[in-house]
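One letter stands for each residue in the lines below.
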Amino acid sequence: MKYSNIPSAYSIVHHCKSNGIKNIVISPGSRNAPLIIGFSEDSFFSCFSIVDERCAAFFALGIAQQINEPVAVICTSGSALLNYYPAIAEAFYSAIPLVVISADRPEYKLDIGDGQTINQRNVFQNHIGYSANLKQDVTHATNTIKHFVVDINLEEDTIKDKQSTIQAHNDSELHKALCFASTESLPVHINVPFEEPLYAKIAQAPVVPFGMEIDDEQEQPKIDINDFSTIWNTSKKKIVLVGVNPPNTIEQQFLDELAEDKSVLVFTETTSNIHHPNFFSSIDSILVPIEKGEDTEALSKALQPDILLTFGGLIVSKKIKSFLRKHKPKHHWHIGAKKARDTFFCLTHHFKISPNEFFPDFLNALEEQESHYYPFWSPIRDAYIQKREEYLKEVSFSDMAAFNFVLKAIPDNYQLQLANSSTVRYTQLFNLNPTLKVFCNRGTSGIDGSTSTAIGASIYSEEPTLFITGDLSFFYDSNGLWNKYIKSNFRIILINNSGGGIFRILPGMGATYNFESYFETSHDYDAEQICKMYGFEYLIAEDQPKLKNILYDFYKKSNTPKLLEIKTPRLLNNKILLSYFDFIS
C-alpha cells in the first residue's frame, strides 16, 4: 500500500479509517491529490468518482441517508468547494452526517491573485455542525515555506517541534469533527492546506497520528411523564403529526395503540413511512374542504386540537402549518433526541429522546376515555377517499391521473425516492403501498440534487430503487447521471409537463409572457437524448393506454436502467388539481 508523503493528508485518511468511515466520494482534482492517493490506495475504503461537485455531494448524502453513517466527500480548492453547499445545507436540516473534506492552498497564496483560491475557512459557517481548519505541515515543502514566509524559523532543531505542535492541532480538530458528525448526525467541514508537490507516494506512513475512539454512548435523560400524561388524559382532542421519518424505525405496537385512541387523530405524510387504516394520510384533503366550506369556522374549531404531539422531521403540507399556526393547540410537545423546531409557533415542551424510548412509559400511563374526535373526522376522511376515486374515473390524462397510475403500479418493497415541488405534493394526495420505503430531500426542499441523491441512495439498497421526478428537477440535475454506479434495476419516472406547472396554482398567476418565462419557465425538452448519452432505456407515454401498457413491463429485470417519460398537458394540470379540491369539498 502507498501513502501520500504529506502528514496532514495521511492523518485525515487515518482518522477516517479509525472511525469506520468507509465510503469516500471523490471529486477529481489536483490540489486534493494527496487525499485521493491516501483513500484510493487503501482497500478499506469504497471510493466513488463523481465529476460534478454538486452531484458528488448529493450522491454522498444519498449513501449516508441509507446507511445512517458518515460519508466523506472530497474536492480540490477554489470554487469546487462552493458547489457542495446545497447538499451541505440539506444535510444540516435533515440531520445527515456528511463529512466534507476540502484541499486548500497555503495561506500565503491566498488573496494574491493565484487561480482557484478563495477563502475556504469556515465558508459553511451558517449550515455546518463543526468546521475544522487544519494547519499546513512544515516537514513537507520546507524550502518553499521558507521562501514565502520570511519571518518563520525553520532550522533543523525547530522543524520537529513546530511539526509536533501542528500535528497535535490537526489530530485534535479531526477528532472533534468526526466525533461531531457521528454523534450529532450533522455535516462537518475539514479544510486542509497543501503545498506542492502533491503527487508523491511513499511506502511508509509519514506520521503516527494521535487517535481517540468516538464515544457515542450518551446517557439518556430521565423524564417524569406524570404531569404530561395527566394533561393528555384530560384532553378530548389530540393530533399526532409525523414528519419525515426513516422506514421501520417506530415500533408498530405504539402506532397501533395511538390508532385505537378515539381522542387522537394521527396525521401522516408520504415521507412519514408509517401506516395504519385509522391514520389520516392525505392532510390537505381534510383541510382544503374546510377552507372552501360554508362552515369554515365551526369545522376549524372542531379540528383544533388541545394537544399537538409531533415527531420526525420537517413537514411537507403547507395547509397543516397554516392551520395550526392560526388554530394553535394549548400544548405542542415534540419527541426527538436532537432538536425540536417551533414550526407552529406554540412549542411548549421537547422530549429529548427517541419515540421508541418515549412511548412505552407514556402509553402505559394513559387512560381510555370517551371522545367524539376520531368518530367525527373518520367518516369525513372516508368520504374524500371515495370522492377521490370517483374524480379519478372522470378526469382526463394529466399529472394527477399519471400519479394515480404510477403510484398504484409500484411493486412491493421498492425504495421510492421523490423529487421536490410538485412530485412530493402530488404523491401526498394518495395512499401508498405500505411496503415502500419513501425518501425525499425535505431539509431545504430544493430541486437541485434529487437525482444524485436517489442514485447515491440506491448504492447500498437491497431493494430496487424508483425515482419519481418532475422535468425541471430532472434537467437541472441531469449531471447526476454522469457516473458508472447506476444499477440496472434503477428506474426513473419523469413527469414532464413542460415547465414549473406548480406555479400555475398560485393565486394571481395569469398566462402572460412574464409568467411563462420567469415563473413557469416553459420549455419543449425531453429526456430521450440524455438517456441515449448515459445508457438508459428510454420509454415515453403521452396518454393513459400507453402509460398502462408500459408500466406492465417497466419493472421487469433488464441489463440497463430505465427511464419512463410521461408527457402531460401543461395548460390543463393546474385546472384538474384545483378542480379535485372543489370536487371533494
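Treat the numbers as computed from the prediction; the structure is a model and nothing was measured.

Undergrad: Help me understand the pairing of strand 3 (residues 46-49) in this model?
TA: Summarising the sheet, strand 2 (residues 23-26) and strand 3 pair through four bridges and their orientation is parallel. Paired with V25 across the two strands is F48, which belongs to strand 3. Where the polypeptide runs from strand 2 across helix 2 (residues 33-40) and back to strand 3, its parallel neighbour, the crossover connection is right-handed.

Undergrad: It is not clear to me how the state of the cysteines should be interpreted in this structure. Could you clarify?
TA: What makes a disulfide is a covalent bond joining the sulfur atoms belonging to two cysteines. One pass over the full model with this rule turns up zero disulfides. Cysteine C55 shares no disulfide, and the gap to the nearest cysteine sulfur, in C75, comes to 14 Å. Overall, the relative accessible area of 2% leaves C55 in the buried class.

Undergrad: What exactly am I supposed to notice about the sheet that holds strand 5 (residues 98-104) here?
TA: Within a sheet, adjacent strands bond to each other through the backbone by hydrogen bonds, running parallel or antiparallel. Ordered in space as 3-2-4-5-7-6, the six strands form an open sheet in which the pairing is parallel. Only two strands of the sheet have a single neighbouring strand rather than two, namely strand 3 and strand 6 (130-133). Within the sheet, the average angular offset between the axes of one strand and its neighbour, ignoring direction, is 20 degrees. Across the sheet, helix 3 (residues 53-67) touches strand 2, strand 3, strand 4 (71-75) and strand 5, and the angle it forms with strand 4 is around 170 degrees.

Undergrad: What's the story with the side chain of S229 in this structure? I'm lost.
TA: Among the structural elements, S229 can be located in helix 8 (residues 226-233). Look past the residues within four positions of S229 in its chain and what remains in contact with it is F362, A365 and L366.

Undergrad: What is the right way to read the packing of helix 1 (residues 7-18) against helix 2 from this model?
TA: The geometry of a pair of packed helices is captured by two quantities: the angle between their axes and the separation between those axes. Two numbers describe how helix 1 lies on helix 2: the axes approach to 9 Å, and their chain directions differ by 40 degrees. By the angle between their axes, helix 1 is oblique relative to helix 2. When you trace helix 1 past helix 2, the crossing you get is right-handed. Mapping the contact onto sequence places A9, I12, V13 and C16 in helix 1 and P34, L35, G38 and F39 in helix 2. Looking at side-chain class alone, the contact of helix 1 with helix 2 contains seven nonpolar, one polar and no charged residues.

Undergrad: Whenever I open this one, helix 3 confuses me. Can you help?
TA: Think of an α-helix as turning once every 3.6 residues; residues three or four places apart then point the same way. Given a rise of 1.5 Å per residue, 15 residues ought to cover 21 Å, and the 21 Å separating the end C-alpha atoms of helix 3 matches this to within 8%. Among the 15 residues that make up helix 3, 13 are buried, leaving the element largely enclosed by the rest of the structure. You can read the cap of helix 3 off the contacts: a side-chain oxygen lies 2.9 Å from the backbone nitrogen of R54, and it is on D52. Positive phi appears at N68, one or two residues downstream of helix 3, with a value of about 55 degrees.

About the cut-offs
- Residues numbered from 1 in each chain as written.
- Predicted model: local features only at pLDDT ≥ 70, side-chain atom pairs only at ≥ 80, totals over all residues.
- Heavy atoms only, no water.
- Pairing = 2+ DSSP bridges.
- Helix = DSSP H or I, 4+ residues; strand = E, 2+ residues; numbered from the N terminus.
- Right-handed = clockwise from strand over helix to strand, strands pointing away.
- Disulfide = S-S within 2.5 Å.
- Buried < 20%, exposed > 50% of the residue type's maximum accessible area, 1.4 Å probe, protein only.
- Axes fitted to C-alpha atoms, helices over the stretch in contact; angles between N-to-C directions.
- Contact = heavy atoms within 4.5 Å.
- Parallel < 35°, antiparallel > 145°, perpendicular 65-115°, else oblique.
- Left-handed = near helix turned anticlockwise from the far one by under 90°.
- Nonpolar A, V, L, I, M, F, W, Y, C, P; charged D, E, K, R; others polar.
- Expected span 1.5 Å × (residues − 1).
- Polar contact = N/O pair within 3.5 Å; in protein donor to acceptor, adjacent residues only side chain to side chain.

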